[in-house]
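A structural walkthrough
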Amino acid sequence: MALTPTDFDYMAQAFRLAERGLYTTMPNPRVGCVLVKDGQVIAEGWHVRAGEGHAEVNALRIAGENARGATAYVSLEPCSHTGRTGPCSQALVDAGVARVVYAMEDPNPLVSGNGIALLRAAGVEVDGPVLEDDARALNPGFIKRMERKKPLVRCKLAMSLDGRTAMESGESKWITGPKARADVQRLRARSCAIISGVDSLLQDNSSLTVRADELGLPHAEEIAARQPLRVILDSTLRLPRNALLFKQSSPILLVHNGSVDAAQCEGWPAFVELLALPAKDGRIDLAALLRELVQRQCNEVLVEAGATLAGSFLRRGLLDEIIIYMAPKLLGSNARPIFELPLDTMSSSLALKIKDIRAVGRDWRLTAVPDTEY
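Calculation rules
- Just so you know, the residues in each chain are numbered from 1, in the order the chain's sequence is written.
- Restriction of local features to residues with pLDDT of at least 70 applies here, the model being predicted, together with a cutoff of 80 or more for giving and counting side-chain atom pairs; totals for whole chains, interfaces and linings are based on all residues.
- With hydrogens and water excluded, all non-hydrogen atoms of the structure serve as input to the side-chain values.
- UniProt positions are given in the numbering used here, feature names are shortened, and annotations may be inferred rather than shown by experiment.
- Ring geometry is summarised as follows: Phe, Tyr and Trp rings, the Trp one being its six-membered ring, pair when their centres sit within 6.5 Å, and such pairs are stacked at plane angles under 30 degrees, edge-to-face over 60 and tilted between the two.
- The numbering of helices and of strands both runs from the N terminus, where a helix is a DSSP run of H or I of at least 4 residues and a strand a run of E of at least 2.
- Under the scheme applied here, a residue whose accessible area is under 20% of the maximum for its type counts as buried, over 50% as exposed, and between as partly exposed, the area being computed with a 1.4 Å probe on protein chains only.
- Only when the NZ atom of a Lys or the CZ atom of an Arg is both within 6 Å of the ring centre and within 35 degrees of the ring normal do we say a charge sits over the ring.
- We call two residues in contact whenever any of their non-hydrogen atoms come within 4.5 Å of each other.
- The rule for pairing is simple: two strands pair if DSSP sees at least two bridges between them.
- Helix axes are fitted only over the stretch in contact, all axes being lines through C-alpha atoms; the angle between N-to-C directions runs from 0 to 180 degrees.
- As used throughout, domain bounds are those supplied by an automatic or database domain assignment.
- When two components associate, each loses some accessible surface as probed by a 1.4 Å sphere; the sum of these losses over both components is called the buried area.
- Every case where a carboxyl oxygen of Asp or Glu lies within 4 Å of a side-chain nitrogen of Lys or Arg is listed as a salt bridge.
- Polar contacts, as used here, are pairs of N or O atoms within 3.5 Å; protein pairs need one atom able to donate a hydrogen and one able to accept it. Residues neighboring in sequence count only if both atoms are side-chain atoms.
- In the scheme used here, Gly and all other residues not listed as nonpolar or charged are polar, with Ala, Val, Leu, Ile, Met, Phe, Trp, Tyr, Cys and Pro taken as nonpolar and Asp, Glu, Lys and Arg as charged.

The name given to the chain in an unreviewed UniProt entry is Riboflavin biosynthesis protein RibD, and the organism recorded there is Cellvibrio mixtus. Regarding the chain, the UniProt comment filed under Function (unreviewed entry) reads as follows: "Converts 2,5-diamino-6-(ribosylamino)-4(3h)-pyrimidinone 5'-phosphate into 5-amino-6-(ribosylamino)-2,4(1h,3h)-pyrimidinedione 5'-phosphate."

So this is what it looks like as structure tokens:
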């Protein structure tokens, strides 16, 4: 069947439903589903969290017998395998759905076209992809993990108008205002893991948690109940055990270089896991760390670190996105730079492409990506 403007409208509605799972579905993708019959929406569903019903199943449960003969608009190809839940493609067939419109194929190798094939083999009319670029934007980390076996890595930084992140003494609270800090909380909440370095923690004594009272979102307590994995790079385990980081018992991965003695590895809280990774150029191998996080099903990773670690990620080409909160302040020439990048010539500069600039309270948020075409 030829696609109509109405098909695009219903798919956009499915996208809006999928966005409701922005902070809760990890490591699964965010998916929305709209069931339409005789020109009327009869049910909606979205995937809330892993292990619970997928978007299609949630919509079918609401529609009941009325789903027979309906059209399902789904923001991702219905799955065809059995994990913690059954295959959605088979559920659509069993419910008697007549047509399925999908936005993009599922990049998961366990699905990847198989759900579409199952539906067509059962006599269901299938149309798609529809608005595929918008569908991909819903799940950039999941897609990258499935297609390239890497997580999507963002680096968050706050700076003054003159590009400084802290005074020479290390004092940095607060460069930005409360609305920018709330925006950072939402970045944390959508991430599977947060990476920081021991030097930043020794300076700031941050907890690196999602704080419900700062999110400024509906259902904030429910969102904050799923805390991202806190990943701390501490080559020689210098982090003091009374650090604020350990006051909340959400999981911590403490990464060292393997040269520490057995006594240093003992006595940590039960929620702290120690991991030895090889060193590269005298520092923990960041690429090896990201491979480890993929094995732990991390889709989106947030780097919250100082100039040294942030610069290391950037120089090694490991950042997909840089988010900078810029405050209308001047910290002066003695203050610390945003990245440690020992560049000497204009030809060695690193080019970025600005994708978005918007006001966040009195501050500005800039979103940039590496410019590979420069």
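Moving on to the packing of aromatic side chains. Tallying each qualifying case throughout the model produces two aromatic pairs. Ring centres of phenylalanine 246 and tryptophan 268 lie 5.7 Å apart, and the angle between their planes is 50 degrees; this geometry places the pair in the tilted category. Pair noted here: phenylalanine 246 is in the loop between strand E9 (229–233) and strand E10 (252–256) and tryptophan 268 is in the loop between E10 and strand E11 (272–276), with a separation of 22 residues, a long-range link. Taken as a pair, phenylalanine 246 and tryptophan 268 share a single burial class, namely buried. One residue, arginine 241, lies across the ring of tryptophan 268, its end atom 3.9 Å from the ring centre.

Turning next to the UniProt feature "binding site: NADP(+)" (unreviewed entry) in the chain. Here, UniProt's "binding site: NADP(+)" (unreviewed entry) annotation points to Ala158, Trp174, Asp204, Ser235, Gly306, Ala307, Thr308, Leu309, Ala310, Gly311 and Ser312. Sequence-wise these annotated residues cover 155 residues; spatially they are dispersed, their C-alpha atoms as much as 28.1 Å apart. With respect to the helices and strands, the residue alanine 307 is situated in helix H12 (residues 307–315). Not counting chain neighbours up to four residues away, the residues in contact with alanine 307 comprise Pro337, Ile338, Phe339 and Glu340. Examined against the element boundaries, threonine 308 turns out to sit in helix H12. Residue threonine 308 is classed as partly exposed on the basis of its relative accessible area, which comes to 29%. The contact partners of threonine 308, leaving out residues within four places of it in the chain, are Arg283 and Glu340.

With respect to topology, nine strands assemble into an open sheet ordered E11-E10-E9-E8-E14-E6-E15-E18-E17, the strand pairing being mixed. Two strands close off the open sheet at either side, each with one partner strand: E11 and strand E17 (352–360). Adjacent strand axes in the sheet meet at a mean angle of 20 degrees when their direction is disregarded. Taken together, the seven bridges between strand E6 (residues 152–160) and strand E15 (residues 321–327) define a ladder with parallel strand orientation. Counterpart to alanine 158 in the pairing with E15 is tyrosine 325. Each of E6 and strand E14 (300–303) touches helix H6 (residues 140–148); the most contacted strand, E6, lies at about 135 degrees to it.

Below, the discussion takes up the domain arrangement of the chain. Split into domains, the chain comes out as domain 1 (5–139) and domain 2 (149–370). Computed from C-alpha atoms alone, the centre-to-centre distance between domain 1 and domain 2 is 35 Å. Each partner contributes to the interface: domain 1 provides seven residues, whereas domain 2 provides twelve residues. For the pair domain 1 and domain 2, the two sides together bury roughly 900 Å², of which 56% comes from carbon and sulfur. The largest contributions to the domain 1 side of the interface with domain 2 come from Tyr23, Met26 and Pro27, which together make up 63% of the buried area. Where glutamate 300 meets arginine 30, a salt bridge forms, and the shortest distance between an N and an O atom there is 2.9 Å. The interface formed by domain 1 and domain 2 includes four residue pairs in polar contact (both at pLDDT 80 or more). Across the side of domain 1 that touches domain 2, the residue classes break down as four nonpolar, one polar and two charged.

Attention now goes to H6. Among the nine residues that make up H6, seven are buried, leaving the element largely enclosed by the rest of the structure. Listed as buried for H6 are Pro140, Gly141, Phe142, Ile143, Lys144, Arg145 and Met146. Looking at the packing, one finds that the buried side of H6 touches helix H5 (132–138), E6, helix H11 (286–295) and E14. Positioned one or two residues after H6, lysine 149 has a phi angle of 60 degrees, which is positive.

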